[in-house]
Amino acid sequence: MSEAEELRTGLKQFKFEDEGQTESQSLIVSIPEVVDPQYGMYVWPCAVVLAQYVWGHKEELGGKDVLEIGSGVSLPGVVAAKCGAHVILSDDAERPQCLENCRRSCEANGLSDMRVMGLTWGRISPDMLLLPPLDVILGSDVFYEPEDFEDVLVTISFLLRRSNRAQFWMTYQERRLVHRSSPPQVEPAVCSHSSRSISC
């Protein structure tokens, strides 16, 4: 990493804890953020909400095969890996800086052997065809740009049909302006696939 890149990168820590239990479990995850806004590679609220959801379902993840799409800073995927899942991180194959940021997140959390792959929404690549059967697909704020929605849906549909037991865990932020005093809402959702449909 060049000195200029190093100056634009900060490290942010997130702590996940179980509340209300006598023996409290906790996890601290470090995420490198690229401060330069043109990359958009910082921790969005949706990533935190999805990571908290993953942490809350950690007992379900041990030994499961998980793919995070649109990983960016990879917070949900890193938390899933720390919970015992076999995780593959993915982001746009045409944006190597995003893939490199995924690798930095892995290294910052002692997960340097985690697989990072290029996956461009709407395109079925040879790498996608070689993915193992998945149990969970994670997507944090992948429904951001309306012009990408169809490509995201094509990708998710392909992955769910290929792994018929998979679930799609996602968060999205409702961005339409309802009222100026209303804060934006972040919603978690879990989608499942059956032989005929995808339901959320």
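As the structure is a prediction and not an experimental result, all values here were calculated from the model. (Residues numbered from 1 in each chain as written. Predicted model: local features only at pLDDT ≥ 70, side-chain atom pairs only at ≥ 80, totals over all residues. Heavy atoms only, no water.)

**Student:** Explain helix α2 (residues 45–56) to me, and be specific about the residues and the numbers.
**Tutor:** Spanning 12 residues, α2 covers 17 Å between terminal C-alpha atoms, matching the ideal 16 Å at 1.5 Å per step. Turning to α2, its buried residues number three or more, namely C46, A47, L50, A51, V54 and W55. (Helix = DSSP H or I, 4+ residues; strand = E, 2+ residues; numbered from the N terminus. Expected span 1.5 Å × (residues − 1). Buried < 20%, exposed > 50% of the residue type's maximum accessible area, 1.4 Å probe, protein only.)

**Student:** Account for helix α3 (residues 75–82), naming residues and giving values.
**Tutor:** Within α3, seven of the eight residues are buried, which leaves it mostly tucked inside the rest of the structure. For α3, the set of buried residues is L75, P76, G77, V78, V79, A80 and A81. The first or second residue beyond α3 is G84, which carries a positive phi of 100°.

**Student:** Explain the nonpolar core to me, using residue names and the numbers behind them.
**Tutor:** F16, L61, L75 and V79 are the most contacted members of the largest nonpolar core, which has 32 residues in total. Every element with two or more residues in this core is listed here: β1 (9–17), β2 (26–34), α2, α3, β4 (86–91), α4 (96–108) and β6 (136–140). Beyond its immediate stretch of four places on either side in the chain, L75 contacts F14, F16, V29, I31, V43, A47, V48 and A51. Listed in part, the 18 residues of the second largest apolar core include I88, M128, F143 and V152. (Core = buried A, V, L, I, M, F, W, Y, C linked by side-chain atoms within 4.5 Å. Contact = heavy atoms within 4.5 Å.)

**Student:** Outline unusual backbone geometry, listing residues and values.
**Tutor:** Positive phi, normally seen in glycine, also occurs at S74, with a value near 70°. Following the sequence through the fold, S74 ends up in the loop between β3 (65–69) and α3. Phi at D141 is positive, roughly 60°, even though this residue is not glycine. Its place among the elements puts D141 in the loop between β6 and α6 (149–162).

**Student:** Please provide a residue-by-residue account of the environment of Y172, values included.
**Tutor:** If you trace the backbone, Y172 turns up in strand β7 (residues 167–174). Since its relative accessible area comes to 31%, Y172 is described here as partly exposed. Along the backbone, Y172 and V142 are 30 residues apart, and their C-alpha atoms lie at a distance of 7.2 Å.

**Student:** Before we move on, can you summarise the pattern of salt bridges with the specific residues and values?
**Tutor:** In this structure the tally under the stated criterion is five salt bridges. Here K15 and E17 are joined by a salt bridge, their closest N and O atoms 3.7 Å apart. Classification of K15 as exposed rests on a relative accessible area of 52%. Across the salt bridge formed by K58 and D18, the nearest N and O atoms sit 2.7 Å from each other. Taken together, the residues span a long stretch of sequence, with K58 in the loop between α2 and β3 and D18 in the loop between β1 and β2 at a distance of 40 residues. (Salt bridge = Lys/Arg side-chain N within 4 Å of Asp/Glu carboxyl O.)

**Student:** An account of a nonpolar patch on the surface is needed here, citing residue identities and associated values.
**Tutor:** Together, I124, L129 and V154 line one region of the surface with nonpolar side chains, adding up to about 240 Å² of accessible area. Relative to the helices and strands, I124 resides in the loop between β5 (115–118) and α5 (126–129). (Patch = residues over 30% accessible without salt bridge, like charges linked within 9 Å, V, L, I, M, F, W, Y side chains within 5 Å. Areas by Shrake-Rupley, 256 points an atom, 1.4 Å probe, with all protein chains shown as cover.)

**Student:** Could you give an account of the side chain of T155, naming the residues involved and the relevant values?
**Tutor:** Mapped onto the elements, T155 comes out in helix α6. Residues in contact with T155, not counting those within four places in the same chain, are L119, T120, W121, G122 and M128.

**Student:** An account of the packing of α2 against α3 is needed here, citing residue identities and associated values.
**Tutor:** Think of two packed helices as two axes; the pair is described by the angle between the axes and how far apart they sit. Contact geometry of α2 with α3 gives a least axis separation of 8 Å together with a crossing angle of 15°. Between α2 and α3, the angle falls in the class roughly parallel. Our pair here, α2 against α3, has a crossing hand that is right-handed. When α2 is examined against α3, the residues A47, V48, L50, A51, V54 and W55 are found in contact with a partner set consisting of L75, P76, V79 and A80. (Axes fitted to C-alpha atoms, helices over the stretch in contact; angles between N-to-C directions. Parallel < 35°, antiparallel > 145°, perpendicular 65-115°, else oblique. Left-handed = near helix turned anticlockwise from the far one by under 90°.)

**Student:** Kindly report on the environment of V116, identifying the contributing residues and their values.
**Tutor:** Here V116 shows up in strand β5. On the accessibility criterion, V116 (15% relative accessible area) is buried. On a C-alpha basis, the gap between V116 and D91 in space is 8.1 Å, while along the polypeptide they are 25 residues apart. Once you skip the residues sitting within four places of it in the chain, V116 turns out to touch L89, L99, C102, R103 and C106.

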